[in-house]
Amino acid sequence: MEKLEYIIEDSTIAEVLGVQNFSNEESAVLELVKNAYDAQSPDVIIIISKDQIIIEDNGIGMNRQKVLEAWMHVGRSDKEYIVGEGEAARVLAGEKGVGRFAIARLGAKASVFTKMKGQEAVLWKTDWNTNTLEPYLEEKEKGTKIIIEQLRDTWTESRVRNLHEFLSRTYNDDKMMIQIVYKEERRNVTRYFREIQLGVNCVSVIRLRYLADSQKLICDIESDEFKENAQEICPDINLKFQRIEINIAEELGDMKEVLSEEATEEEWKELLVAIGSFSAEFYFSLKNSSTSDAEKFFYKHKMLDERYQSGVVLYRNAFSISSYEGKKDWLEFGKRSRLSPAAASHITGAWRVRENQIAGKVIIDKKENNRLCDLVNRQGLMDNDVYKLFISIIVAGINGFERYRQSIIRRIVKYNEPKEEKNPKVIDHIIKNPEKLTALSNEETKLFLYELEQMKKENKESKKQIDETERRYKYDIRLLNMLATSGLKATSIAHEMRNNRNSIDENVEYIVKALKRYELWDIVNDLENRKYMHRDIPGLLQKNRRINHKIITFMDVMLLESEKEQFLPEDIDLYNLFNETKSVWEKDYSWINIQLHIEEGLNYRSAKDIFRVILDNLILNSIQQNDTENVLEIHIYAKKMGKYINMIYFDKGRGLSSKYKFDPMRILEVHETSRKNGHGIGMWIVNNTITNTGGEIQRIEGENGFRIEFRIGDRI
């Protein structure tokens, strides 16, 4: 047996692992800076000129043996996890053994002068076709100097500035000083994310800590966004600091299929531990705020002097991972806000932070988070199950901040709603009696002018509210159009099938009669012929009878609920309407028992569709959450109180998922669901329908069954 080894041309290696491997010149320079960091150098200097780039450090350097055994051995890396001790300790950045080919991305020719302490200095030279090694005299005690020539890029002031900014974002340590020299100007590279100043760099800081052993995510929010008097509007919310603790095993329980659909609870938790602990820090601020918005929402800062621009950087210890240095929206803030474009002031829609409103850093560890694997070219991470879970954990923390901030904005919006005027206005008096204008006293004249000024402001504010309402309904319409389209298709099919209704209903009976007539019924009923499910004709017919019944029910419901009369305002007998709803659901689902607590003759002027939408979604939600139960008891209370119908709905089922234990109102957010195939729109529709009547949901409980208390208004 003959042992074979690959033979690869030097120029091919340089092309594949160097020129093609690095997406841009900045990432190639960064790779060589990492080498200096791993060499324990206290500083590195990058000298850029028209013809060459010099990268020089004072690290441990290499001797002849190191060059031959490590530098010239492609794919080999003798780097461990950490070097040094105490505060001087460094987690090594390199590990793949291909980083040296970053030189090839920068230039077609290179010389590497290197020396280890107390040993002979050596010079390695290459044009990527031929490599040579020779001794040379060096006065420095130790270190490495790389001279790169025949540059592949034209280095201008703009390109050097981009490199400076890139290194500032990608370097997250202070153990090595980085300097860039261009045209005799020396520029120090300082970390972009320094010690945070609220009101200067951002208005809110979101700090995340994922604790793998307990599968807990701790989200600490520190904020200086709102003025002091906003606290009076939100007495039960701390506007300065909020801690949210999230049980990730429960929060992301519907992600268990990242392993497989059959994954056990133990396997799921093993993955949550294996991903490792990590931390993150995000900086939120609005890009700009108008004077009127600042007044309306009690914003403390209209503009920030040194606002952190958008972009989240993913650091592995001291350096960012290539392609995650803030230019790419790898957390998909843009996609999230497009899916849910509601403003923070939206009454029912879920606000999502915009891509241009957030910056920050996520920090992982080479050893602790070793399941987050680099691509071979080190230009990103493998998009595997662990990576998807990693992203979901971060987004769960961001979600916590979004809910916290939106709860504050909604309180302020409610506070800003127009109040009923108790005292008569001077302007109303003048409109009724214009001749009185000349007889106004000085005090009345001042009040009259003040009221005119207020009218101007209110008029301006009304235009804004119209625009805001337009945006809100555009958001609602996008969601409802999706459901409406599906409904129209289903209604169309139901209309087409109406003529076949009798056939669908009676076909099974006709088949049974036919089999009896041909004296086959006793044969097909023989136990021997019913042993296998797919040959059990009576069993198959019985199953078909149940399916046909559901199809007919579906047709009747679709055709009834799409009738125009359902949407017209009228005096509704709520007792009869609720009983009709009860009969339909109990007929379709024999295992549910709906008990109504409503007085006979209770009338209310509204539209039937409002009550049908609310009750149907609540009952359907109960059925879907308790589909493994044998019996489900549902209670519905309704009572007229002034212009409202006060209602309580509760079922004696399993209640809400544990992820909603501390914040049950969260189920009202769009796309919020604990079921694997759930759409998360049902409870949003309930909330939206109630809110649009001028009512509100007052309370939700999910510990012992599911309970919701709300009131429906008279707005149609």
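Please read all numbers here as calculations on a predicted model, not as lab measurements. (Residues numbered from 1 in each chain as written. Predicted model: local features only at pLDDT ≥ 70, side-chain atom pairs only at ≥ 80, totals over all residues. Heavy atoms only, no water.)

Asks: Just give me the short version of the overall build of the protein chain, but keep the residues and values in it.
Replies: Counting secondary structure elements, the protein chain contains 19 helices and 24 strands. In the protein chain, which comprises 716 residues, the share counted as buried stands at 46%. Pairs at least 24 residues apart make up 68% of the contacts formed inside the protein chain by residues separated by at least 6 positions. In the form shown here, the protein chain has an accessible surface area of approximately 39200 Å², with 49% of it arising from carbon and sulfur atoms. (Helix = DSSP H or I, 4+ residues; strand = E, 2+ residues; numbered from the N terminus. Buried < 20%, exposed > 50% of the residue type's maximum accessible area, 1.4 Å probe, protein only. Contact = heavy atoms within 4.5 Å. Areas by Shrake-Rupley, 256 points an atom, 1.4 Å probe, with all protein chains shown as cover.)

Asks: Give a detailed account of the confidence of the model for the protein chain, specifying residues and quantitative values.
Replies: With 85% of its residues at a pLDDT of 70 or more, the protein chain shows a mean pLDDT of 85. Across the protein chain, the element-wise mean pLDDT spans from 63 in helix α13 (residues 442-497) up to 98 in strand β11 (residues 204-211). (pLDDT = per-residue confidence, 0-100.)

Asks: How would you explain the sheet that holds strand β7 (residues 131-135) if you had to name every residue and give the values?
Replies: In spatial order, the strands read β7-β6-β5-β8-β2-β1-β9-β10; together these 8 strands make up an open sheet with mixed pairing. In the strand order of this sheet, the two ends are held by β7 and β10 (185-189), each with one partner. Going across the sheet, the axis of each strand differs from the next one's by a mean of 15°, ignoring polarity. Strand direction decides the pairing type here: strand β1 (residues 43-48) and strand β9 (residues 177-182), joined by 6 bridges, are parallel. In the sheet register, Ile 48 faces β9, and the bridge partner there is Tyr 182. (Pairing = 2+ DSSP bridges. Axes fitted to C-alpha atoms, helices over the stretch in contact; angles between N-to-C directions.)

Asks: Which residues make up helix α11 (residues 385-415), and what are the values?
Replies: For α11, spanning 31 residues, the distance from its first C-alpha to its last is 45 Å, which sits close to the expected 45 Å at 1.5 Å a residue. With 23 of 31 residues buried, α11 lies mostly within the body of the structure. (Expected span 1.5 Å × (residues − 1).)

Asks: Tell me about the pattern of salt bridges, and please be specific about residues and values.
Replies: Two side chains bearing opposite charge may form a pair once their charged atoms approach each other closely. According to the stated counting rule, one finds 38 salt bridges in the structure shown. Ionic pairing is found between Lys 216 and Glu 245, a salt bridge with its closest N-O pair at 3.4 Å. Of the two residues, Lys 216 is situated in strand β12 (residues 216-223) and Glu 245 in strand β13 (residues 241-247); the sequence distance between them amounts to 29 residues. Using a relative accessible area of 32% as the deciding quantity, one classes Lys 216 as partly exposed. The residue Lys 240 makes a salt bridge to Asp 224 at a minimum N-O spacing of 3.0 Å. Taken together, the residues Lys 240 in the loop between α6 (230-233) and β13 and Asp 224 in the loop between β12 and α6 connect sequence positions 16 residues apart. Lys 240 sits in the partly exposed class, given a relative accessible area of 33%. Here the salt bridges do not stand alone but share partners, grouping Glu 25, Arg 105, Asp 153 and Arg 159 into one network. (Salt bridge = Lys/Arg side-chain N within 4 Å of Asp/Glu carboxyl O.)

Asks: Kindly report on helix α19 (residues 682-692), identifying the contributing residues and their values.
Replies: Most of α19 is tucked away: 10 of the 11 residues are buried. Of the residues making up α19, those classed as buried are Gly 682, Met 683, Trp 684, Ile 685, Val 686, Asn 687, Asn 688, Thr 689, Ile 690 and Thr 691. Positive backbone phi, at 90°, marks Gly 694, one or two positions downstream of α19.

Asks: Can you lay out the environment of Asp 374 for me, pointing to particular residues and giving the numbers?
Replies: Mapped onto the fold, Asp 374 is located in the loop between β17 (358-364) and α11. Look at Asp 374 and you get buried, because its relative accessible area is 6%. Asp 374 sits 52 residues away from Ser 322 along the chain, and the two C-alpha atoms are 9.5 Å apart. Within the structure, Asp 374 has its side chain in polar contact with the side chain of Arg 316 (distance 3.1 Å). (Polar contact = N/O pair within 3.5 Å; in protein donor to acceptor, adjacent residues only side chain to side chain.)

Asks: Requested: an account of the sheet that holds strand β24 (residues 706-712), with residues and values cited.
Replies: Adjacent strands of a sheet pair through backbone hydrogen bonds, lying either parallel or antiparallel. Strand order in the open sheet formed by 5 strands is β19-β21-β22-β24-β23, with mixed pairing between adjacent strands. Of all strands in the sheet, those with a lone pairing partner are β19 (592-597) and β23 (696-701), marking the two edges. Between one strand axis and the next, the sheet turns by 15° as a mean value, whatever way the strands run. Pairing analysis gives 5 bridges linking β23 to β24, with the strands arranged antiparallel. Paired with Glu 696 across the strands is Arg 711, a residue of β24. Those strands touched by α19 are β23 and β24, and its axis lies near 25° from that of β24.

Asks: Mind laying out the packing of helix α2 (residues 25-38) against helix α5 (residues 157-170), listing which residues take part and the relevant values?
Replies: Axes are the key here: two packed helices are described by the angle between their axes and the distance separating the axes. Their axes nearest at 10 Å, the elements α2 and α5 cross at an angle of 55°. One element, α2, and the other, α5, form an angle in the oblique class. Taken as a pair, α2 and α5 cross one another with a handedness that is right-handed. Of the residues in α5, those in contact with Glu 25, Glu 26, Ser 27, Val 29 and Leu 30 of α2 are Arg 159, Asn 162, Leu 163, Phe 166, Leu 167 and Thr 170. Here the contact of α2 with α5 is built from residues that sort into 5 nonpolar, 3 polar and 3 charged. (Parallel < 35°, antiparallel > 145°, perpendicular 65-115°, else oblique. Left-handed = near helix turned anticlockwise from the far one by under 90°. Nonpolar A, V, L, I, M, F, W, Y, C, P; charged D, E, K, R; others polar.)

Asks: Give a description of the packing of aromatic side chains that names residues and reports values.
Replies: All chains considered together, the criterion is met by 28 aromatic pairs. Centroid distance Phe 578 to Phe 611: 6.1 Å. Interplanar angle 55°. Geometry classified as tilted. Taken together, the residues Phe 578 in helix α17 (residues 574-588) and Phe 611 in helix α18 (residues 608-625) connect sequence positions 33 residues apart. Residues Phe 578 and Phe 611 agree in their burial class; the two are buried. Site record: aromatic cluster; members linked through ring pairs are Trp 71, Phe 101, Trp 124 and Trp 128. (Phe/Tyr/Trp six-rings, centres within 6.5 Å; stacked < 30°, edge-to-face > 60°.)

Asks: Now, about the nonpolar core: what can you tell me, with residues and values included?
Replies: Ranked by size, the top nonpolar core spans 63 residues in total, and within it Phe 282, Trp 330, Val 362 and Phe 390 carry the most contacts. Among the elements that take part in this core, α11 stands out by supplying 15 residues, more than any other. With near-sequence residues (within four places) excluded, Phe 282 lies in contact with Ser 204, Val 205, Ile 206, Leu 208, Val 312, Leu 331, Ile 358, Ala 359, Gly 360, Val 362, Ile 394 and Ile 398. If you look at the next biggest cluster of nonpolar residues, it comprises 44 residues, including Val 33, Val 67, Phe 101 and Ala 318. (Core = buried A, V, L, I, M, F, W, Y, C linked by side-chain atoms within 4.5 Å.)

Asks: Residues and numbers for the side chain of Asp 173, please.
Replies: Note that Asp 173 resides in the loop between α5 and β9. Engagement of the side chain of Asp 173 in a polar contact is seen with the side chain of Tyr 37, the distance being 2.5 Å. Aside from chain neighbours lying at most four places away, what touches Asp 173 is Tyr 37, Arg 191 and Ala 318.

Asks: Could you give me a rundown of the packing of α17 against α18, with the residues and numbers involved?
Replies: Two numbers describe how α17 lies on α18: the axes approach to 11 Å, and their chain directions differ by 35°. When the axes of α17 and α18 are compared, the crossing they make is right-handed. Residues Leu 574, Leu 577, Phe 578, Glu 580, Thr 581 and Trp 585 of α17 touch α18, and the partners they reach there are Lys 608, Phe 611, Arg 612, Leu 615, Asp 616, Ile 619, Leu 620 and Ile 623. Of the residues assigned to the contact of α17 with α18, the class counts are 9 nonpolar, 1 polar and 4 charged.

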